[in-house]
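Structural characterization, general
What follows is each chain in one-letter form.
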Amino acid sequence: MNTNANRKQEPVMSILVTGARGSVARGLVSLLAAHGVPHRLASREPDTPDTVRCDLGDPATFPGALAGVRSVFLYAEASAIDAFVKEAVTAGVEHVVLLSSSSVLAPGAAGSPLAASHLAVEEALLASPLRTTLLRPGSFASNALGWAWSLKSGRPVHLPYPGAYCDPVHEADLAEAAFAVLTDPALAGRAYHLTGPQPLTFATQLAILGGVLGAPIPFESVTAEQWKAEVDGYISGPYADALLDYWAASDGLPVEITDAVEHLTGHPARTFETWAHGHAEAFSAQHA
């Protein structure tokens, strides 16, 4: 008699990847698939048959998305985080990896539009029984895509603080870091400050990008007020003010660089030049 045939089949425990259309989530999903790790994609607006609906602001979508899930890769949406934590615990989730932000490390983070949402989600997770791993990247290298419109239109890039430093980190490194902490229990349950390999000013980033594209990229220094007027309607006033304050604080002052990417992935963090080579088409007039 085959007793196994009469035994109830246990569901395969998987990893839920929220924000499935985001660049980090897409990279993570590719790694999970390549290594045969069971996973489920989730998005506020699913656009493929294998993606479940999980609107991080709508608790009604949580039970279906979390059913049978062991670990979660989570974006930092604070509006319903308490309900998400409660449902995750009920569903039997054991581990949450949060894509947070290094902005939470700054003084006054709770009152900053750049950090408040990330900090609120961190605090809710850390106060819960869920094992929590915090990924705190600095500036995404992909922030440079914001200059694409100027390049395509032949206009100089307007910078309020050309000498402000940041730590551009490649989204592929973030995806690999997330994969590492999701699949190696020894790495879980900690906070990681993730940066690129070197501090770069905005002016230097444009010079690197121009070298990759084969033509210098002109820029103009503008006042904070001019820049705010230009982005009005795209970036809210409080968020724009917070960005300007952050850039002013790092104007001429290199930011901290860590080796967390190498610690988690086993290789040095990818350079901004590597990112630029991989995204050169986004800045081409032919792709306007």
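Residues numbered from 1 in each chain as written. Predicted model: local features only at pLDDT ≥ 70, side-chain atom pairs only at ≥ 80, totals over all residues. Heavy atoms only, no water.

**Digging into helix H5 (residues 116-126)**
Two residues of an α-helix separated by three or four positions point the same way, owing to the 3.6 residues in each turn. Those residues of H5 not exposed but buried are Leu-119, Val-121, Glu-122, Ala-124 and Leu-125. Of the surrounding elements, those touching the buried residues of H5 are strand S4 (69-75), helix H4 (81-91), strand S5 (95-99) and strand S6 (131-137). (Buried < 20%, exposed > 50% of the residue type's maximum accessible area, 1.4 Å probe, protein only. Helix = DSSP H or I, 4+ residues; strand = E, 2+ residues; numbered from the N terminus. Contact = heavy atoms within 4.5 Å.)

**Comments concerning the layout of surface pockets**
By volume, the second largest pocket is sized at about 300 Å³. Gly-19, Arg-44, Cys-54, Leu-56 and Tyr-75 are, among the 15 residues lining the second largest pocket, the residues nearest its centre. Here the residues of the lining of the second largest pocket sort into five nonpolar, five polar and five charged. (1 Å grid on protein atoms, 1.4 Å probe; cavity = no way out; pocket = protein on both sides within 12 Å on 5 of 7 lines; lining within 4 Å. Points joined across faces, edges and corners; volume = space filled by probe spheres on them. Nonpolar A, V, L, I, M, F, W, Y, C, P; charged D, E, K, R; others polar.)

**Some points on the nonpolar core**
Val-17, Leu-28, Phe-73, Leu-135, Tyr-192, Leu-194 and Leu-264 are the most contacted members of the largest nonpolar core, which has 29 residues in total. Put simply, the parts of the chain that give this core at least two residues each are strand S1 (14-17), helix H2 (23-34), S5, helix H7 (171-183), strand S9 (191-194) and helix H11 (260-265). Considering each element in turn, this core owes the most residues, seven residues, to H7. In this structure, Leu-28 is in contact with Val-17, Phe-73, Ala-175, Ala-178, Phe-179 and Leu-182, ignoring residues within four places of it in sequence. One finds Leu-200, Leu-206, Leu-209 and Ala-240 within the second-largest nonpolar core, a separate group that totals 28 residues. (Core = buried A, V, L, I, M, F, W, Y, C linked by side-chain atoms within 4.5 Å.)

**Considering the packing of aromatic side chains**
Within this structure, the stated rule accounts for seven aromatic pairs. Centroid distance Phe-73 to Tyr-75: 5.6 Å. Interplanar angle 80°. Geometry classified as edge-to-face. Judged by relative accessible area, Phe-73 falls into the buried class, the value being 0%. With centroids separated by 6.2 Å and ring planes inclined at 90°, the aromatic side chains of Trp-147 and Phe-202 adopt a geometry described as edge-to-face. Of this pair, Trp-147 sits in the loop between S6 and helix H6 (148-153) while Phe-202 sits in helix H8 (residues 202-213), placing them 55 residues apart in sequence. (Phe/Tyr/Trp six-rings, centres within 6.5 Å; stacked < 30°, edge-to-face > 60°.)

**Observations concerning the side chain of Thr-258**
Mapped onto the elements, Thr-258 comes out in the loop between helix H10 (237-249) and H11. Here His-193 takes part through its backbone oxygen, which lies 2.5 Å from a polar atom of the side chain of Thr-258. Every residue in contact with Thr-258, bar those within four places of it in the chain, is listed here: His-193, Leu-194 and Thr-195. (Polar contact = N/O pair within 3.5 Å; in protein donor to acceptor, adjacent residues only side chain to side chain.)

Spatial relationships are all this shows, so hold off on functional conclusions.
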